[in-house]
Amino acid sequence: MPNDKLKHNLHLHFLVFIAGFTAILGELITIEAFSLVWYRMLIAGILMFLYIKLVKIDIRVTPKNLIQFLLAGIIIALHWITFFAAINASNVSIALAMFSTGAFFASFIEPIFYRRKIIGYEIIFSLIVIVGVVLIVNSEIKYINGILLGISSAFFSSLFAVINGRFVEKHNATVISFYEFIGGVVFISIYLAFSKNGFDQDFFKLPTSDWLYIGILASICTAYAFIAAVHIMRYISPYTVVLSYNLEPVYGIILALIFFGESEMMSTNFYYGAVLILSAVLIEALLKNKPNVFKPKK
């Protein structure tokens, strides 16, 4: 029905809005990236476990699959750590613009995992992304640490997405995510245990505002957003979902300008570079996910 279709599309864009809002929370939360991601994955994992129990999902997996999911959890932890570290080292706009370069990395990672040839237009759009990055680096060199961390985050995100794409072909997405959260928490816990401050008293003494923002990040922006995204794909084509989620940096940068004002105002070349990157990502998504476009005939 038309009303149902509209409702599901509005729900999808609400989820994309939530994804963009994640960066705003990263700017508002005062603790460093490792601690932030530890709390995020721990709380989200607990909420995911409660959901699994509620809907009675079987979480039994083979030892081999368990190890694979735990290792993938380390990759997603590194993605989030470098993303929030990029915000701390620069600002939301820089982090999100660099996060958009994920399509560049995916165009090379995906063929390796799926054993296919690189498509010609992927190379073209990758070159456009590189031009966009060069424009941003040249105009915002003072944020070079944030730029490098943002690019690293994009790489880990692309690697994780491709790996997870193989997992969901054979396993329940909720179960995969649950074990990945465990893997991330264990990885960060080991790191913190051997770091200088680690799990000291200050680690658990957070400002009230941090507890509030982390709670929103872990519950709404992580556990709910993931479960809802899986649900929405029953009613909306993967093509529409992929294309819509490419708007995440757009929503995030607009929200950053609203919330943080002048601190998020960048040079003209930054916006030229960001538009180049986002345009390349959106057009590539149109070509790659549109049914029967650039696909060989049988």
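Residues numbered from 1 in each chain as written. Predicted model: local features only at pLDDT ≥ 70, side-chain atom pairs only at ≥ 80, totals over all residues. Heavy atoms only, no water.

Chemist: I would appreciate a short explanation of the layout of surface pockets in the present structure.
Modeler: Over the atoms a probe the size of a water molecule is rolled, and this reveals where empty space is left. Volume-wise, the second largest pocket comes out at about 220 Å³. For the second largest pocket, the full set of lining residues is Ile 31, Glu 32, Ser 35, Leu 192, Ser 195, Lys 196, Asn 197, Gly 198, Asp 200, Asp 202, Phe 203 and Leu 206. By residue class, the composition of the lining of the second largest pocket is four nonpolar, four polar and four charged. (1 Å grid on protein atoms, 1.4 Å probe; cavity = no way out; pocket = protein on both sides within 12 Å on 5 of 7 lines; lining within 4 Å. Points joined across faces, edges and corners; volume = space filled by probe spheres on them. Nonpolar A, V, L, I, M, F, W, Y, C, P; charged D, E, K, R; others polar.)

Chemist: When you look at the packing of aromatic side chains in this model, what are you seeing that I'm missing?
Modeler: Working definition: an aromatic ring pair is given by the centre-to-centre distance plus the angle between the planes. Applying the stated criterion across every chain yields a total of 25 aromatic pairs. An aromatic cluster is defined as three or more aromatic residues linked by ring pairs; in this entry it consists of Trp 38, Tyr 39, Phe 199, Phe 203, Phe 204 and Trp 211. Looking at Arg 40, its charged tip hangs above the ring of Trp 80, at a distance of 3.8 Å from the centre. (Phe/Tyr/Trp six-rings, centres within 6.5 Å; stacked < 30°, edge-to-face > 60°. Lys NZ or Arg CZ within 6 Å of the ring centre and 35° of its normal.)

Chemist: What is the right way to read the confidence of the model for the protein chain from this model?
Modeler: Predicted coordinates in areas of low pLDDT are best not read in detail. Mean pLDDT for the protein chain: 87, with 94% of residues reaching 70 or above. The secondary structure element of the protein chain with the lowest average pLDDT is helix H10 (residues 238-245), at 70, and the one with the highest is helix H3 (residues 63-89), at 96. Contacts of residues 292-298 to residues separated by more than four positions or lying in other chains number four contacts, the stretch itself having pLDDT below 50. (pLDDT = per-residue confidence, 0-100. Helix = DSSP H or I, 4+ residues; strand = E, 2+ residues; numbered from the N terminus. Contact = heavy atoms within 4.5 Å.)

Chemist: Just checking my understanding: could you explain the side chain of Ser 100 for this structure?
Modeler: Relative to the elements of secondary structure, Ser 100 occurs in the loop between helix H4 (92-99) and helix H5 (102-114). Once residues lying within four places of it in the same chain are set aside, the contact partners of Ser 100 are Pro 249, Ile 277, Leu 278 and Val 281.

Chemist: I'm lost on the packing of H3 against helix H7 (residues 144-167) in this one. Help?
Modeler: Each pair of packed helices can be described by the angle between their axes along with the distance between the axes. Here H3 crosses H7 at 155°, and the two axes come no closer than 8 Å. With respect to H7, the element H3 is oriented roughly antiparallel. Classified by chirality, the crossing of H7 by H3 is left-handed. Two secondary-structure elements touch here, H3 through Gln 68, Phe 69, Ala 72, Ile 75, Ile 76, Leu 78, His 79, Thr 82, Phe 83, Ala 85, Ala 86 and Ala 89 and H7 through Asn 145, Gly 146, Leu 149, Gly 150, Ser 152, Ser 153, Phe 156, Ser 157, Leu 159, Phe 160, Ile 163 and Phe 167. (Axes fitted to C-alpha atoms, helices over the stretch in contact; angles between N-to-C directions. Parallel < 35°, antiparallel > 145°, perpendicular 65-115°, else oblique. Left-handed = near helix turned anticlockwise from the far one by under 90°.)

Chemist: Would you mind showing me how to read unusual backbone geometry here?
Modeler: Keep in mind that most residues, glycine aside, have a negative phi and that most peptide bonds are trans. Positive phi is not limited to glycine here, since Lys 56 has a value of about 60°. Mapped onto the secondary structure, Lys 56 falls in the loop between helix H2 (33-55) and H3.

Chemist: For this particular structure, what's the right way to read helix H6 (residues 120-139)?
Modeler: Along an α-helix, a turn takes 3.6 residues, which lines up residues three or four apart on a common side. With 20 residues, H6 should cover 28 Å at 1.5 Å per step; its first-to-last C-alpha distance of 30 Å lies within 8% of that length. Of the positions making up H6, those classed as buried are Tyr 121, Glu 122, Phe 125, Ser 126, Val 129, Gly 132, Val 133, Ile 136 and Val 137. The arc enclosing the buried residues of H6, seen along the axis, measures out at 150°, which places them on a common side. Structural note: H6 exposes Ile 124 and Asn 138 on the side pointing more than 90 degrees away from its buried face. (Expected span 1.5 Å × (residues − 1). Buried < 20%, exposed > 50% of the residue type's maximum accessible area, 1.4 Å probe, protein only. Arc of directions from axis to C-beta.)

Chemist: So what exactly am I meant to see when it comes to a nonpolar patch on the surface here?
Modeler: Where nonpolar side chains cluster on the molecular surface, the patch consists of Phe 108, Ile 118, Ile 123, Leu 127, Ile 130 and Val 134 and spans about 480 Å² of accessible area. Broken down by element, the nonpolar patch gets its largest block of residues, four residues, from H6. On the secondary structure map, Val 134 appears in helix H6. Overall, Val 134 belongs to the partly exposed group, its relative accessible area being 42%. (Patch = residues over 30% accessible without salt bridge, like charges linked within 9 Å, V, L, I, M, F, W, Y side chains within 5 Å. Areas by Shrake-Rupley, 256 points an atom, 1.4 Å probe, with all protein chains shown as cover. Salt bridge = Lys/Arg side-chain N within 4 Å of Asp/Glu carboxyl O.)

Chemist: Mind showing me how you'd approach the pattern of salt bridges here?
Modeler: The final tally for this structure, using the stated rule, is two salt bridges. Measuring nitrogen to oxygen at the nearest pair gives 2.9 Å for the salt bridge that ties Asp 58 to Arg 60. Accessibility expressed as a relative area gives 46% for Asp 58, which makes it partly exposed. Linking Arg 166 and Glu 169 is a salt bridge whose minimum nitrogen-to-oxygen distance equals 3.7 Å.

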